[in-house]
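Take a look at the letters that make up each chain.
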Amino acid sequence: KVARDITERKRAAAELAAQQEWFRVTLDSIGDGVITCDAGGRITFMNAMAAKLTGWETESAITRPCAEVVRLVRETTGQTLDSPVTRVLRTGGPVAPSTQTLLVAADGTGRPIDDNAAPIMDGDGNAIGVVLVLRDVTERRRNEAERQSAAIDRERLLEAERVARGEAERAS
């Protein structure tokens, strides 16, 4: 009989599992949608916010092509946009966020988002996947529209005051 002490191996495995759980919980706690994909563009991880934004359950999205789960269209035209994941895999580098982008959820509803995608590199500098971050900008857009509307209203009031003053001066 041969006896081996596997205490160190068990400790290392427990540390690795704890570290993986720490990273999973951290990514799941982020307020933006975070999706990771393998080098083929298939989803390997999706946090709770990404599931909420896309309308896909995480279990259903894993292993699917990211472009199937993350459907992006131009806000002004409805034109389908290239997947940022596909662009990263094609170029090998990060891609600039698209402007005026709507994320079309599984139920067909659209919401304005900012997106950011970058390669995941191994120790040798090879792209082994992509991380995609989706930020819901609905509230920011609403606030911008309200500020614009308020500025227009102020300008109209000021113009009305100028006109009234001018009429008053001509009348006197």
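Residues numbered from 1 in each chain as written. Predicted model: local features only at pLDDT ≥ 70, side-chain atom pairs only at ≥ 80, totals over all residues. Heavy atoms only, no water.

## Description of the overall build of the protein
Convention followed: The numbering of helices and of strands both runs from the N terminus, where a helix is a DSSP run of H or I of at least 4 residues and a strand a run of E of at least 2. The globule rule used here is 2.2 Å times the number of residues to the 0.38 power, and the radius of gyration it is set against is calculated over C-alpha atoms. Partly exposed describes any residue whose relative accessible area lies between the buried limit of under 20% and the exposed limit of over 50%, with all areas from a 1.4 Å probe on protein chains only and scaled to the type maximum. Note on contacts: a residue pair qualifies if any of its non-hydrogen atoms lie within 4.5 Å across the two residues.
Secondary structure assignment for the protein yields 6 helices and 6 strands. Reading the protein from its N terminus to its C terminus gives the helix and strand order α-β-β-α-α-α-β-α-β-β-β-α. The globule rule puts the C-alpha radius of gyration for 172 residues at 16 Å, and the 25 Å found for the protein is more than 25% above it. Dimensions of the protein, computed from C-alpha atoms along their principal axes, come out at roughly 115 × 35 × 35 Å. Considering the protein as a whole, with its 172 residues, one finds that 27% of them fall into the buried category. When contacts within the protein are restricted to residue pairs at least 6 apart in sequence, long-range pairs at least 24 apart make up 44% of them.

## Remarks on the sheet that holds strand β3 (residues 71–74)
Selection criterion: By the convention used here, strands pair only if DSSP detects at least 2 bridges between them. Lines are fitted to the C-alpha atoms to define the axes, a helix being fitted only along its stretch in contact, and any angle between axes, read from their N-to-C directions, falls within 0 to 180 degrees.
Ordered in space as β2-β1-β6-β5-β4-β3, the 6 strands form an open sheet in which the pairing is antiparallel. Since the sheet does not close on itself, it has two edges, and those belong to β2 (43–46) and β3, each with one partner. This sheet shows a mean twist of 35° between the axes of neighbouring strands, independent of strand direction. Where strand β4 (residues 101–104) meets strand β5 (residues 110–121), 4 bridges bridge the pair, whose relative direction is antiparallel. Note that in β5 the partner of Val104 across the bridge is Gly110. Packed onto the sheet, helix α5 (residues 84–91) meets β1 (33–38), β3, β5 and β6 (127–136) and runs at close to 25° relative to β5.

## A few points about the side chain of Thr36
Tracing the backbone through its elements, the reader meets Thr36 in strand β1. Overall, the relative accessible area of 15% leaves Thr36 in the buried class.

## Thoughts on the pairing of β6
Sheet analysis places β1 next to β6, joined by 6 bridges and oriented antiparallel. Bridge pairing links Ile35 to Leu132 in β6. By the bridge criterion, 9 bridges tie β5 to β6 in an arrangement that is antiparallel. What sits directly across from Asp114, in β6, is Arg135. Hairpin remark: β5 followed by β6, antiparallel, with 5 residues in the connecting loop; positive phi at Gly125, about 85°.

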